[in-house]
There are 2 protein chains.
Amino acid sequence: MARWEPGAQQRLEAAAWELFGEVGFAEATVPAITARAGLTTRTFFRYFADKREVLFAGDEGYVERVADLVRTAPADLAPFELVRQGLATLAVREFEGRRPQLRARNQIVATDEGLRERDLLKQAALVSAIEEALAARGSDPLTATLAARTSVAIFGTAIGRWLGADDERTLSEHLQETLDAFGAFAQAQPTR
Amino acid sequence: MARWEPGAQQRLEAAAWELFGEVGFAEATVPAITARAGLTTRTFFRYFADKREVLFAGDEGYVERVADLVRTAPADLAPFELVRQGLATLAVREFEGRRPQLRARNQIVATDEGLRERDLLKQAALVSAIEEALAARGSDPLTATLAARTSVAIFGTAIGRWLGADDERTLSEHLQETLDAFGAFAQAQPTR
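Residues numbered from 1 in each chain as written. Chains lettered and ligands numbered in written order. Predicted model: local features only at pLDDT ≥ 70, side-chain atom pairs only at ≥ 80, totals over all residues. Heavy atoms only, no water.

**Observations regarding the pattern of salt bridges**
Residue and element names in this part refer to chain B. All chains considered together, the criterion is met by 28 salt bridges over all chains. Measuring nitrogen to oxygen at the nearest pair gives 3.6 Å for the salt bridge that ties Arg 52 to Asp 112. Taken as a pair, Arg 52 in helix α4 (residues 51-55) and Asp 112 in the loop between α7 (99-110) and α8 (113-136) lie far apart in primary sequence, 60 residues in all. (Salt bridge = Lys/Arg side-chain N within 4 Å of Asp/Glu carboxyl O. Helix = DSSP H or I, 4+ residues; strand = E, 2+ residues; numbered from the N terminus.)

Structure below.
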């Protein structure tokens, strides 16, 4: 019988990440992960549906937290200002300090088509949740759709640059740079 | 032996779309499609790798054509103006007049997770191709990434509204409305 193991989930995650780094994601089997953690495969499957789940541990409820941020924003914020403040909050609450782990995950996701698809589906779910939360606070549907897609595009760009950078700049700094570049891009349109 | 059949591909596509409409995508088998077209399954597989390919017939080379549009745009166009003109061109060249077929395809894609993933991967490939083409004409990498993601977001929004609309407005009209709403959204940011 699998019994309760203190810190089992954390030990499994740590063992999995070590193995992913050593032998690659494809070669790291669940038995090898559990052996390294000193636990049984049965214990593994109490915490994770499969090996892929380990990569996304910590993401539970992320979409819901983002939607909450939109719902609880001051009513008088214009959509773009809401996006700007929301992304700044998310950067600090959910991402800063996690660069090595997120970088390792991204490298694994890039090598596996199934994982890339899962990542894209998650992004699409995020866009839908933001869109609905904006519409619920009274944005017209077209603006809600554009704001949702744009905010995910801006944040994805900032995160990609932060993960790819050699320097020690924070995500918040990359986000500000990305927002500035977006402003320059979008405001370069001619007045009609 | 499969022999050359005049118009075989068109007959197979027409038969497939009829069946998708009548019995649904999942229930429409390749033998049923070929029987309706009066052709063999062997002929089907000369034109399509599988049933899903029928849904995406006509898309071959789309990503390349979009990238070409970016590459051949006048050198002095600002990125946003390039996006605006490029999307207007694509709307007319690739989409206008195809609403019933694209609407039917979208309904099928929405019901099948594998097809949704394929669609998302295609969009991601499109973003990468635009990004590379913009960088090749001298855009800085950050602007290239933002412009690529933003243009796909704007176009996807306009196409979604066009396919979902009850009226007879063209995609070009929906695109103009979407670009105007994007401008209002993006320009509402406070100056810093």
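Back to the write-up after that little detour.
**Looking at helix α1 (residues 8-23) of chain B**
All names here are of chain B. Counted at 1.5 Å a residue, the expected span for α1 with its 16 residues is 22 Å, and the 22 Å between its end C-alpha atoms agrees. All of the buried residues along α1 are Ala 8, Leu 12, Glu 13, Ala 15, Ala 16, Trp 17, Leu 19 and Phe 20. Buried residues along α1 sit in contact with α2 (30-37), α3 (41-47), α4 and α7. Once α1 finishes, Gly 24 follows within two positions and takes phi at roughly 90°, a positive value. (Expected span 1.5 Å × (residues − 1). Buried < 20%, exposed > 50% of the residue type's maximum accessible area, 1.4 Å probe, protein only. Contact = heavy atoms within 4.5 Å.)

**Examining the environment of Leu 19 of chain A**
Residues and elements named next belong to chain A. With respect to the helices, strands and loops of the structure, Leu 19 is situated in helix α1 (residues 8-23). For the pair formed by Leu 19 and Gly 160, sequence separation is 141 residues and the distance between their alpha carbons is 24 Å. With sequence-adjacent residues up to four places away left out, Leu 19 is seen in contact with Gly 24, Ala 28, Ala 32, Ile 33 and Arg 36.

**Focus on the interface of chain B and chain A**
On the side of chain A, 37 residues touch chain B, which itself brings 36 residues to the contact. Taken over both partners, the interface formed by chain B and chain A buries close to 3500 Å², and the fraction arising from carbon and sulfur atoms is 70%. Applying the counting rule to chain B against chain A returns 0 salt bridges. Listed by contribution, the elements that provide at least two residues to the side of chain B that touches chain A are α6 (79-95), α8, α9 (141-164) and α10 (171-187) of chain B. For the side of chain B that touches chain A, the element with the highest residue contribution is α9 of chain B, accounting for 13 residues. (Buried area = accessible area lost by both parts, 1.4 Å probe.)

**Details of the side chain of Asp 59 of chain B**
All names here are of chain B. Among the secondary structure elements, Asp 59 is positioned in the loop between α4 and α5 (62-71). Residue Asp 59 is classed as buried on the basis of its relative accessible area, which comes to 16%. Reaching out from Asp 59, the side chain makes a polar contact with the side chain of Lys 122 at a distance of 2.8 Å. Sequence-distant contacts of Asp 59, that is, excluding residues within four places in its chain, are made with Arg 98, Arg 105 and Lys 122. (Polar contact = N/O pair within 3.5 Å; in protein donor to acceptor, adjacent residues only side chain to side chain.)

**Focus on the packing of aromatic side chains**
Residue and element names in this part refer to chain B. Tallied over the full model, the rule gives 17 aromatic pairs over all chains. Between the aromatic rings of Phe 20 and Phe 25, the centroid separation amounts to 5.0 Å while the plane-to-plane angle is 65°, which identifies the pairing as edge-to-face. With a relative accessible area of 9%, Phe 25 lands in the buried category. Between the aromatic rings of Phe 44 and Phe 48, the centroid separation amounts to 5.3 Å while the plane-to-plane angle is 40°, which identifies the pairing as tilted. Given a relative accessible area of 0%, Phe 44 falls into the buried group. (Phe/Tyr/Trp six-rings, centres within 6.5 Å; stacked < 30°, edge-to-face > 60°.)

**With respect to the relation of the copies chain B and chain A**
Rotating chain B by 180° about the axis while translating it 0.0 Å along that axis superimposes it on chain A, leaving an RMSD of 0.0 Å. Taken together, the rotation and translation relating the two chain copies correspond to the operation of a two-fold axis. It is Glu 117 of chain B whose C-alpha, among those of chain B, lies nearest the rotation axis, at 2.8 Å. Looking at chain B, 100% of its interface residues are interface residues in chain A too, so the copies touch through the same face. (Least-squares fit on C-alpha atoms with pLDDT ≥ 70 in both.)

**Brief notes about the nonpolar core**
Generally speaking, a soluble globular protein has its nonpolar side chains buried in company with each other. Among the nonpolar cores identified, the biggest contains 80 residues, and Phe 155 of chain A together with Phe 155 of chain B are the most heavily contacted of them. Excluding its chain neighbours within four sequence positions, the residues that come into contact with Phe 155 of chain B are Tyr 62, Leu 87, Leu 90, Ala 91, Phe 95, Leu 171 and Leu 175 of chain B. (Core = buried A, V, L, I, M, F, W, Y, C linked by side-chain atoms within 4.5 Å.)

**Some remarks on the packing of α1 of chain A against helix α2 (residues 30-37) of chain A**
All names here are of chain A. Between α1 and α2, whose axes approach to 8 Å, the crossing angle comes to 120°. The pairing of α1 with α2 is recorded here as oblique in orientation. The two elements α1 and α2 cross, and the hand of that crossing is right-handed. Only Ala 32, Ile 33, Thr 34, Arg 36 and Ala 37 of α2 make contact with α1, whose side of the interface consists of Arg 11, Leu 12, Ala 15, Ala 16, Glu 18, Leu 19, Phe 20 and Glu 22. Of the residues belonging to the contact of α1 with α2, the class tally is 8 nonpolar, 1 polar and 4 charged. (Axes fitted to C-alpha atoms, helices over the stretch in contact; angles between N-to-C directions. Parallel < 35°, antiparallel > 145°, perpendicular 65-115°, else oblique. Left-handed = near helix turned anticlockwise from the far one by under 90°. Nonpolar A, V, L, I, M, F, W, Y, C, P; charged D, E, K, R; others polar.)

**Considerations on the environment of Ile 108 of chain B**
All names here are of chain B. Among the structural elements, Ile 108 can be located in helix α7. Considered as a pair, Ile 108 and Gly 21 are 87 residues apart in the sequence and their alpha carbons are 9.3 Å apart. Residues in contact with Ile 108, not counting those within four places in the same chain, are Trp 17, Phe 20, Phe 25, Leu 55 and Leu 115.

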